[in-house]
Amino acid sequence: MPKSRLQYAVLNMGVGGITTVLKMILSFVVRTVFIYVLGVKLLGLNGLLISILTALSLAELGIGSAIVYSLYRPVAQHEWSIVKAIMRLYRKIYRTLAIVVFALGLILLPFLPRVVGNHAVDNYELYYLMFLLNSSLSYLLTYNRSLMIAHQRNYVVSFVDFSAYFLTAVLQIVMLYIFHSYAIYLIVQIIFTLAGNICLTVFVHKDYGKNLLNAEIVTIPKDIVDKLRKNVIGTFANKVGDVVVNGTDNILIATFISLSAVGIYSNYQLIILAVQSLLLSISSAMTSSIGNFAALNHGSKGLKLFHNHQFMNYTLTFFSSAYLFILFPPFIDLWLGNQFLLPLNTTLILVINFVVNRQRNSGNVFIDAYGLAYEQKLKPILEAFFNLGLSLVFLSVFHLGIFGVLLATTITSLGIATTYEAYVVFKYGLDTPLAVFYKRYVQIIGEIALNLGINYFLIHLFMRTMKLDKLLEIVISFIFVAIISVIVYIALNANKREFKTILQLVKNKLKKG
């Protein structure tokens with residue numbers, strides 16, 4: 001019996017959430033071993049090379065998201081001939097992209113010393129080429145995952161990705177201890193990137209091979225091609241903005257400060273990205289279900305669905321932001337030592353950016369699900385221009401360091417990205433005035449800020465009067481954040497419709513089980 005949208009969403013959330021938590025744990029173990037075996041400078045180089053390869057991923061043109069959108073309707077309506085035609089096109093494009101990305105990477109190689117500067121480590125050109133090979137190989141078979149996602153089977157993708165990551169992490173730890181070699185560390189990563197994509201291809205052929213094999217070879221309908229073209233243009237523009245805003249931080253820090261600074265900053269990034277991945281696995285698991293809804297339905301139900309999704313994001317951010325802000329200093333100190341700590345103002349703006357990005361998630365999910373990438377094509381250009389310009393001013397004129405890079409992100413994310421994304425969703429997707437969005441958004445940001453302030457004031461006041469060891473401080477702070485945040489959350493949300501809906505669902509579940 002086919003699963004409902006709700007069943008797929010719950011299954012995707014569950015599997016995605018569990019695998020993300022396990023990946024978080026593994027990533028901390030690998031990072032710890034990496035730092036103690038190879039040192040902070042190689043860690044900084046690792047972060048820098050990841051940023052450079054992220055910039056190269058622009059060659060992908062945002063085709064992945066656009067293809068997934070184009071598959072929603074034919075998959076939902078079992079039009080396998082159209083699915084087959086789209087997948088054949090996707091395969092051809094991505095094989096070409098693998099060659100293009102590798103060629104662009106080779107062209108950039110002579111300019112690498114200008115970015116690494118006087119902080120170079122031995123053989124960094126070799127490490128860059130290995131990263132480049134890994135990135136290029138990832139394009140060869142990755143198109144198969146799009147069919148799984150369009151069919152709301154993200155849980156299969158999550159399981160395969162985690163299995164490959166688990167084997168990669170375990171072997172990387174073993175190789176680091178035995179050989180103390182960054183090159184072997186990267187070789188393991190390359191092997192399992194290819195293995196994971198091969199495994200997903202086997203699943204797709206097993207589950208959909210018969211349908212695709214028996215389907216006629218047809219031309220993709222003109223309306224799908226036109227929408228695909230528009231979405232590729234819009235998604236590419238959006239990727240430019242994302243890369244400039246989020247992918248150039250390490251490059252700027254390496255150029256204006258040092259590789260070691262990139263290493264220190266990357267530890268905070270690791271935690272932020274781990275938490276974001278966990279929350280995204282929960283919230284974005286609904287994306288394919290929303291896309292399925294959008295493909296088959298229209299009307300006012302979309303606004304209610306958006307508000308439910310936004311409230312879910314608000315709830316997740318409300319608690320996670322408090323934990324990040326309060327636990328960052330003692331956790332980093334315990335994990336790596338106080339020489340790896342960032343100043344409090346930098347930590348605060350990191351958390352602010354986390355909050356802003358999390359609250360953008362609902363808009364981005366609905367843009368993907370409704371296929372509205374083209375309608376926001378100007379946003380990333382404005383976002384990229386102002387973010388890069390402000391970052392350079394804050395670094396070279398005001399010498400604000402890492403804080404300046406993050407401040408530029410805050411200003412552009414709030415002033416440009418959030419407004420533009422909300423405008424596109426509410427005008428073209430939900431046909432609702434933008435004021436409806438901002439009335440809730442301002443309230444959401446204010447409530448999260450209030451919770452952060454109350455937690456910091458009460459916990460800081462308590463800790464000043466106590467002399468605790470690091471581990472005990474983390475445990476007590478963790479408990480305090482939970483108690484304080486739950487009290488504040490209930491006080492602020494007890495009368496909201498979305499909160500009452502969630503509460504009723506929990507009560508019904510308890511009665512049944």
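A brief look at the structure comes next. (Residues numbered from 1 in each chain as written. Predicted model: local features only at pLDDT ≥ 70, side-chain atom pairs only at ≥ 80, totals over all residues. Heavy atoms only, no water.)

1. Let's talk about the overall build of the protein
Going by this rule: Secondary structure follows DSSP: runs of H or I at least 4 residues long count as helices, runs of E at least 2 residues long count as strands, and numbering of each begins at the N terminus. Each radius of gyration reported is based on C-alpha atoms, and the globular scaling rule is 2.2 Å times the count of residues to the power 0.38. Here the term buried applies to any residue with accessible area under 20% of the maximum for its type, exposed to any over 50%, and partly exposed to those in between, with areas from a 1.4 Å probe on protein chains only. Method for areas: the Shrake-Rupley scheme with a 1.4 Å probe, in which residue coverage is limited to the protein chains shown. For the charge count, each Lys or Arg is scored as positive and each Asp or Glu as negative, with His and the chain ends excluded. The atoms used to mark charge sites are NZ of Lys, CZ of Arg, CG of Asp and CD of Glu.
The number of helices and strands found in the protein is 20 helices and zero strands. Computed over C-alpha atoms, the radius of gyration of the protein comes to 23 Å, within 12% of the 24 Å expected from 2.2 N^0.38 for 513 residues, which places it in the range of a compact globule. Referenced to the eigenvectors of the C-alpha coordinate spread, the extents of the protein come out at roughly 70 × 60 × 45 Å. Counting across all 513 residues of the protein, residues that qualify as buried make up 52%. Put simply, the protein shows about 23,400 Å² of open surface, and 69% of that area lies on carbon and sulfur atoms. Charged side chains of the protein number 40 positive and 21 negative; the gap between the two group centres comes to 7 Å.

2. As for the side chain of N46
Selection rule: In what follows, a contact means two residues having at least one pair of non-hydrogen atoms within 4.5 Å.
Its location among the elements puts N46 in helix α2 (residues 40-56). Classification of N46 by relative accessible area gives buried; the value is 10%. Ignoring any residue separated from it by four or fewer positions in sequence, one finds N46 in contact with F34, F131, Y182 and Y185.

3. Section: a nonpolar patch on the surface
Using the following cut-off: Without a salt bridge and with relative accessible area above 30%, a residue can belong to a patch; like charges are then joined within 9 Å and nonpolar side chains (Val, Leu, Ile, Met, Phe, Trp, Tyr) within 5 Å. Salt bridge, as used here: a side-chain nitrogen of Lys or Arg that lies within 4 Å of a carboxyl oxygen of Asp or Glu.
Taken together, the side chains of L334, L471, L472, V475, F478, I479, I483 and I487 present a nonpolar region at the surface, about 720 Å² in accessible area. Sort the elements by how many residues they give to the nonpolar patch and helix α19 (residues 470-493) lands first, with seven residues. If you trace the backbone, I483 turns up in helix α19.

4. What about the packing of helix α14 (residues 301-335) against helix α18 (residues 434-464)?
Put simply, the rule is: Only C-alpha atoms enter the line fits that serve as axes; for helices the fit covers just the stretch in contact. Angles between N-to-C directions range over 0 to 180 degrees. Should an angle lie under 35 degrees it is considered roughly parallel, over 145 roughly antiparallel, and from 65 to 115 roughly perpendicular; all remaining angles are considered oblique. By definition, any crossing whose near helix is turned counterclockwise from its far helix by less than a right angle is left-handed, and any crossing with a clockwise turn is right-handed. Each residue gets one of three labels, nonpolar for Ala, Val, Leu, Ile, Met, Phe, Trp, Tyr, Cys and Pro, charged for Asp, Glu, Lys and Arg, and polar for the others, Gly among them.
Interhelical geometry of α14 versus α18 gives an angle of 20° and a closest axis separation of 10 Å. For the element pair α14 / α18, the angle class is roughly parallel. Here α14 and α18 pass one another in a crossing that is right-handed. Of the residues in α18, those in contact with F306, H307, Q310, Y314, T317, F318, S321, A322, F325 and I326 of α14 are V436, F437, R440, I444, E447, I448, N451, L452, N455, Y456 and I459. The residue inventory of the contact of α14 with α18, partitioned by class, reads 13 nonpolar, six polar and two charged.

5. Some details on α18
One turn of the α-helix equals 3.6 residues, which is why residues spaced by three or four share an orientation. Here is the rule: Take the residue count of a helix, subtract one, and multiply by 1.5 Å to get its expected span.
Here α18 contains 31 residues, and its C-alpha end-to-end distance of 45 Å stays within 8% of the 45 Å for a straight helix at 1.5 Å per residue. Within α18 the residues assigned to the buried category are F437, Y441, I444, E447, I448, N451, L452, N455, I459 and M463. Tucked into the core, α18 has its buried residues touching α14, α15 (344-370), α17 (401-429) and α19.

6. Observations concerning unusual backbone geometry
The residue H180 is not glycine, and still its phi comes out positive at about 50°. As for its placement among the helices and strands, H180 is situated in the loop between α8 (154-179) and α9 (182-214). One non-glycine residue, H399, adopts positive backbone phi at about 55°. Among the structural elements, H399 can be located in the loop between α16 (379-396) and α17.

7. Observations concerning the environment of L400
Note that L400 resides in the loop between α16 and α17. L400 sits 383 residues away from G17 along the chain, and the two C-alpha atoms are 37 Å apart.

8. Here we look at helix α11 (residues 249-256)
Within α11, six of the eight residues are buried, which leaves it mostly tucked inside the rest of the structure. Looking only at α11, the buried set comprises D249, N250, I251, L252, I253 and A254.

Everything listed here is a matter of geometry and, on its own, says nothing about what the molecule does.
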